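# Geometric and topological summary
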Amino acid sequence: MERYGVIDLGSNSVRLNIVEVFDNGGYNLLDQAKVMVRLSENLQCDKMLKSEPMNRTIHAIRLFRKLLNAYNVKNINAVATAAVRMANNGIDFLDRVESETGVEFKIITGQEEAFYDYLGVVNSIDLENYVMIDIGGGSTEIALIENRRITESVSLPFGSVILTEVFMNGDRGEGFERMEKHIQEYIKKLSWLKGAKGYPVVGMGGVVRTIGKIHKQKKKYPAISLHNYKMSKKDTFQIIKKLIDTGTADVGEIPGASKERADILGPGVLPLRVLMEYIDSDQFIVSGNGLRDGLFYEMYFKHQGIPLVMDNVLNHSIVNVMKRYHIYNNHSQHVAKLSLELFDGLKKYHDFTENDRKILYVAAMLHDIGMHIEYYNHHRHGFYLTINSRVYGIDNEETIQAAFLVAMHREAKFKEDMEIYKMVVDKIRLEELKKLSFFLRMAEKLDRSESQVVKKLKVDAKASTVKIHLISDEDMELEKILSQEFAKEFEERFGRSLLIC
């Protein structure tokens, strides 16, 4: 078992991730810390880091050092971004940091920052083409991703703190007008963005996540991860307008907004609006992953000897979750295989989509995740764990639906928390999921001995009676008896008699 520490020293805050890597190769975020230090405070006037912000930052890093020691973290990757990059005394400050805290930082370029942001996103959101934006305190990184490869990137010399200090020192309305023109001048120079018309925008950074938090509060969306949270252009712009129009003293009172960031939220979200307008984007996607995740992926993947960009986000994430909960076994993988064979073989009798097939696959792989807590009611435990384990490669709504299938893998009567999740799983969708769960429940019975006796199955759906031929070179009497119990339900749901042979 190893533990990795990643520290991101930004212009507005300093953040720490501690990630645990298990002996089986699975990894998990073990702890996280953030301190608002405003390191770039008054940096614009003479390009010098000021005494008070430097002291605040060193105090925060001392606290992080204690946390790293408590977890016995040996592998530490600490980077400094825009504020230190721009400061004439940045290197001297980092020397002082190392001397007083024992943590050695390296300054990364804006291009490197964009690349690590990209690694954090591309390995956790399954999207082919998009524009990525990271709005920090002192800089804004924008990158073009096509076919999951970063093709262009730039670091712009402004972020939420700098925009606030430069433009918010007079009339608020006039300040925003000048600010918008300033941002537009930079965006229009990025000729490569012309080929990104209509692409979704994936955004990260504290001010950007605030947009998602406000939207979730407003919609009363279930309390799950903000990562891969999707919003329309209309909803995004409405929230941006509210943040800009609301005075600094009242911004922190908006449900979902942070009082710590109240003064920088309006200026901080404006680059997102300008970018979305310029490329005519219809969708904004919040990423909870970014620089620190990218830095971890680089360390971990290099140690594992695998490419920095994973081929299949969903499969990698599912395997990692299964390893974390110690359920990565032949049984789960075989149940998934049989579930999909049933789904495909019975296609003429249902109208489920390829997306439903993906949800079924996720649920089948994770159906025993609740065993991590205990056997009794493990289907109910699995519901909670699936929702809260951050399965990458699917969005929030797909995660909730997969969780319902996990909860139904023993019986299709699971009804808990319907009020909380009704905006995702209404009564109609619940009935559809019950029908979809049939494939999972039957597949598990076909591997009841957990020894993969049934190697594969073949569906004969030509006659009025559907025959499912079980193929094996071993005794499978138990699996035949248990699966035949589904005959009545099959006839009710699919309108055909069922024979297992």
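Residues numbered from 1 in each chain as written. Predicted model: local features only at pLDDT ≥ 70, side-chain atom pairs only at ≥ 80, totals over all residues. Heavy atoms only, no water.

## What to know about the packing of aromatic side chains
Taken as a whole and judged by the stated rule, the model has 25 aromatic pairs. With a centroid separation of 6.3 Å and 85 degrees between ring planes, the pair formed by phenylalanine 404 and tyrosine 421 is classed as edge-to-face. Highlighted residues: phenylalanine 404 in helix 16 (residues 396-407) and tyrosine 421 in helix 17 (residues 418-421), separated in sequence by 17 residues. Classification of phenylalanine 404 as buried rests on a relative accessible area of 0%. The exposure class assigned to tyrosine 421 is buried, which follows from its relative accessible area of 10%. Taken together, the ring pairs in this structure connect Phe343, Phe352, Phe438, Phe439, Phe486, Phe490 and Phe494 into an aromatic cluster. A cation over a ring is seen here: lysine 189 above tyrosine 186, with NZ or CZ 5.5 Å from the ring centre. Sitting above the plane of the tyrosine 278 ring, lysine 197 keeps its charged end 4.8 Å from the centroid. (Phe/Tyr/Trp six-rings, centres within 6.5 Å; stacked < 30°, edge-to-face > 60°. Helix = DSSP H or I, 4+ residues; strand = E, 2+ residues; numbered from the N terminus. Buried < 20%, exposed > 50% of the residue type's maximum accessible area, 1.4 Å probe, protein only. Lys NZ or Arg CZ within 6 Å of the ring centre and 35° of its normal.)

## Considering the nonpolar core
The biggest cluster of nonpolar side chains holds 117 residues, and the ones touching the most others in it are Val131, Phe404, Phe439 and Ile468. Among the elements that make up this core, the one with the highest residue count is helix 10 (residues 265-279) (nine residues). Setting aside residues no more than four positions away along its own chain, valine 131 makes contact with Ile142, Ala143, Leu144, Leu193, Ala196, Tyr199, Pro200, Val201, Val202, Leu275 and Ile279. (Core = buried A, V, L, I, M, F, W, Y, C linked by side-chain atoms within 4.5 Å. Contact = heavy atoms within 4.5 Å.)

## Re the side chain of serine 287
Looking at where serine 287 falls in the secondary structure, it is placed in the loop between strand 11 (283-286) and helix 11 (291-304). A relative accessible area of 0% means that serine 287 is categorised as buried. Among the polar contacts made by the side chain of serine 287, one reaches the main-chain carbonyl oxygen of asparagine 289 at a distance of 2.6 Å. Not counting chain neighbours up to four residues away, the residues in contact with serine 287 comprise Val121, Ile125, Val202, Gly203, Met204, Arg209 and His227. (Polar contact = N/O pair within 3.5 Å; in protein donor to acceptor, adjacent residues only side chain to side chain.)

## Here we look at a nonpolar patch on the surface
Nonpolar side chains collect at one region of the surface, where Met371, Tyr375 and Tyr376 lie side by side and expose about 360 Å² of accessible area between them. If you trace the backbone, tyrosine 375 turns up in the loop between helix 14 (354-366) and helix 15 (378-388). (Patch = residues over 30% accessible without salt bridge, like charges linked within 9 Å, V, L, I, M, F, W, Y side chains within 5 Å. Areas by Shrake-Rupley, 256 points an atom, 1.4 Å probe, with all protein chains shown as cover. Salt bridge = Lys/Arg side-chain N within 4 Å of Asp/Glu carboxyl O.)

## A closer look at the environment of serine 332
By the element assignment, serine 332 lies in helix 13 (residues 330-345). Its relative accessible area of 0% is what places serine 332 among the buried residues. Along the backbone, serine 332 and histidine 367 are 35 residues apart, and their C-alpha atoms lie at a distance of 7.3 Å. Apart from residues lying up to four places away in sequence, serine 332 is in contact with Met322, Ile327, Ala364, Met365 and His367.

## Focus on helix 19 (residues 477-484)
All of the buried residues in helix 19 are Glu479, Leu482 and Ser483. Viewed along the axis of helix 19, the buried residues span an arc of 95 degrees, placing them on a single side of the element. Here the buried face of helix 19 lies against helix 18 (427-445), helix 20 (487-494) and strand 14 (497-500). (Arc of directions from axis to C-beta.)

## Quick look at the sheet that holds strand 1 (residues 2-9)
Across the sheet, five strands lie side by side as 3-2-1-4-5; this open sheet has mixed pairing. The outermost strands of the open sheet, each flanked by one partner alone, are strand 3 (27-36) and strand 5 (105-107). Adjacent strand axes in the sheet meet at a mean angle of 20 degrees, parallel and antiparallel pairs treated alike. Both strand 2 (residues 13-21) and strand 3 contribute to a ladder of nine bridges, which runs antiparallel. Within strand 3, the position partnered with valine 19 by the bridge is leucine 29. (Pairing = 2+ DSSP bridges. Axes fitted to C-alpha atoms, helices over the stretch in contact; angles between N-to-C directions.)

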